[in-house]
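Secondary and tertiary structure notes
Below, each chain spelled out in residue letters.
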Amino acid sequence: MAACFSIGGSQMTRKILPAFGFKPSNAIQFFARPLQMLQPALEESPRDWKMLPRVLRNMFRWWRPLPAMPAGWSAAAVSPEAIPDSLWPRSRDPAEAVSRRDGQFLRHIAACPAVGKTQCYLLLKSNVPVGYFVLLFVRRQARLVDYWIASPESKTESILAEGGVALGVAAQRQAKLLSPDVQEIQAASTEAAVQVGFRKAGFHLVREEPIKVLRTHPALQGVVSFRLTMLDSDGAVS
């Protein structure tokens with residue numbers, strides 16, 4: 001283990017982390033979009049005066065039209081082992097660290113007792129694989145728990161912005177196909193361009209959390225930011 005992360009937590013947890021050597025790094029943003037008109041708000045809202053505003057807000061978010069898939073982008077279901085090695089996350093910057101991924105790890109996550117089903121996809125541009133993403137279902141909630149979008153160094157921001165929209169749209173479409181009764185989809189990202197893409201795809205920002213890091217490997221001492229997804233937090237399967 002090269003690093004230990006803390007995302008969120010109680011006020012007490014946040015106060016004691018510095019004593020154990022955790023230091024703040026960049027932030028991760030969590031997103032969601034209702035896929036049913038009423039059920040998410042009805043099931044999650046306490047029966048108080050705030051319930052009606054929550055239901056109306058849920059309806060507004062659900063009614064927002066799903067944008068079209070960006071031209072040339074598509075998605076195809078694959079097994080974890082079929083994801084090419086060239087598409088696993090790699091650092092885009094010497095000051096950035098990424099989480100290690102492989103097919104065996106994704107297969108291990110899929111075996112978690114709390115997970116209903118899991119499906120991996122290739123993200124394609126002009127029929128060429130340029131990334132992957134993973135949908136995981138817990139109860140009646142879909143979670144875009146992991147993804148990667150490869151890009152040429154000179155076009156990183158533009159590819160990530162367009163790819164973020166494609167990712168968000170494809171994840172919603174595939175979630176409904178896999179589980180027609182799914183109520184909500186969630187996602188998370190530390191990448192600014194992808195965060196913008198998620199919003200354009202209809203997701204709303206739920207919260208932003210600072211990433212607290214305990215570096216245990218000398219190679220990470222010069223790292224400024226960590227590229228994480230929902231799969232790096234307890235929220236992936238809880």
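Before reading on, note that the structure itself is shown above.
Nothing here was measured: the structure is a model prediction, and the numbers come from that model.

As for empty space enclosed by the protein
Within this structure, the stated rule accounts for one cavity of 30 Å³ or more. Roughly 30 Å³ of internal volume is contained in the largest cavity. Around the largest cavity, the lining residues are Ser-6, Gly-8, Arg-14, Leu-17, Glu-209, Pro-210 and Lys-212. Per-element accounting of the lining of the largest cavity gives the leading share, three residues, to strand 9 (residues 204–215). Of the residues contributing to the lining of the largest cavity, the split by class is two nonpolar, two polar and three charged.

Thoughts on the layout of surface pockets
Quantified by volume, the largest pocket comes out at close to 440 Å³. Lining of the largest pocket is provided by 16 residues; of these, Ala-3, Phe-5, Val-98, Ser-99 and Arg-100 occupy positions nearest its centre. Mapped by element, the contributors of at least two residues to the lining of the largest pocket are strand 1 (3–7) and strand 4 (96–98). With three residues, strand 4 is the largest single contributor of residues to the lining of the largest pocket. When grouped by side-chain class, the residues that make up the lining of the largest pocket number 10 nonpolar, two polar and four charged. Counted as a void, the second largest pocket has a volume near 350 Å³. If you go around the second largest pocket, you meet 20 residues; those closest to its centre are Arg-92, Glu-96, Thr-156, Leu-160 and Glu-191. Looking at the lining of the second largest pocket, the elements that each hand over two or more residues are strand 2 (23–34), helix 5 (156–178), helix 6 (192–200) and strand 10 (225–227). Of the residues in the lining of the second largest pocket, the class split is seven nonpolar, six polar and seven charged.

Focus on the environment of Lys-200
The topology assignment puts Lys-200 in helix 6. Once the C-alpha coordinates of Lys-200 and Ala-166 are considered, the two residues, 34 residues apart in sequence, prove to be 9.7 Å apart. Once you skip the residues sitting within four places of it in the chain, Lys-200 turns out to touch Pro-67 and Val-165.

Description of the sheet that holds strand 1
With mixed pairing, eight strands are arranged side by side in an open sheet as 1-9-2-8-7-6-5-3. In this open sheet, the two edge strands, each paired with only one partner strand, are strand 1 and strand 3 (73–78). Strand-to-strand twist across the sheet, computed as the mean angle between neighbouring axes with direction ignored, equals 30 degrees. The pairing of strand 2 with strand 9 spans eight bridges and is antiparallel. Note on strand 9: the bridge partner recorded for Ala-27 is Pro-210.

Points about the packing of aromatic side chains
Within this structure, the stated rule accounts for six aromatic pairs. For the ring pair Phe-5 and Phe-226, a centre distance of 5.2 Å and an interplane angle of 80 degrees mean the geometry is edge-to-face. A residue pair is termed long-range when its members are at least 10 positions apart, and Phe-5 in strand 1 and Phe-226 in strand 10 qualify at 221 residues. With relative accessibility at 26%, the residue Phe-5 sits in the partly exposed group. Assessed through its relative accessible area of 3%, Phe-226 is described here as buried. By the ring-pair criterion, three or more aromatic residues cluster together here, those being Phe-31, Tyr-147, Phe-198 and Phe-203. Positioned above the aromatic ring of Trp-148 is the side chain of Arg-92, whose terminal nitrogen or guanidinium carbon lies 4.0 Å from the ring centre.

Conventions and cut-offs
Numbering of residues starts from 1 in each chain and follows the order in which that chain's sequence is written. Totals for whole chains, interfaces and linings use every residue, but because this is a predicted model, local features are given only for residues with pLDDT of at least 70 and side-chain atom pairs only at 80 or more, for both listing and counting. Computation of side-chain values: all heavy atoms of the structure, hydrogens and water removed. Using a grid of 1 Å spacing that covers the protein atoms alone, one calls a set of points a cavity when a 1.4 Å probe fits there but cannot get out, and a pocket when the set is open and has protein on both sides within 12 Å along at least five of seven lines; lining residues are those with an atom within 4 Å of a point. Grid points are joined across faces, edges and corners, and a volume is the space filled by probe spheres set on the points. For helices the rule is a DSSP run of H or I covering at least 4 residues; for strands it is a run of E covering at least 2, with both sets numbered from the N terminus onward. Gly falls in the polar group here, along with every residue not listed as nonpolar (Ala, Val, Leu, Ile, Met, Phe, Trp, Tyr, Cys, Pro) or charged (Asp, Glu, Lys, Arg). Only heavy atoms matter for contacts: two residues are in contact if any of them lie within 4.5 Å across the pair. Here, strands pair whenever DSSP counts at least two bridges between them. Comment: axis = line fitted to C-alpha atoms, over the contacting stretch for helices; angle = value between 0 and 180 degrees taken between N-to-C directions. Aromatic pairs are defined between Phe, Tyr and Trp rings, using the six-membered ring for Trp, whenever the two ring centres lie within 6.5 Å; interplanar angles under 30 degrees are classed as stacked, those over 60 as edge-to-face, and all others as tilted. Note on classification: 1.4 Å probe, protein chains only; a residue is buried when its accessible area is under 20% of the maximum for its type, exposed when over 50%, partly exposed between these limits. Note on criteria: charge over ring means Lys NZ or Arg CZ within 6 Å of the ring centre, with the direction from the centre no more than 35 degrees off the ring normal.

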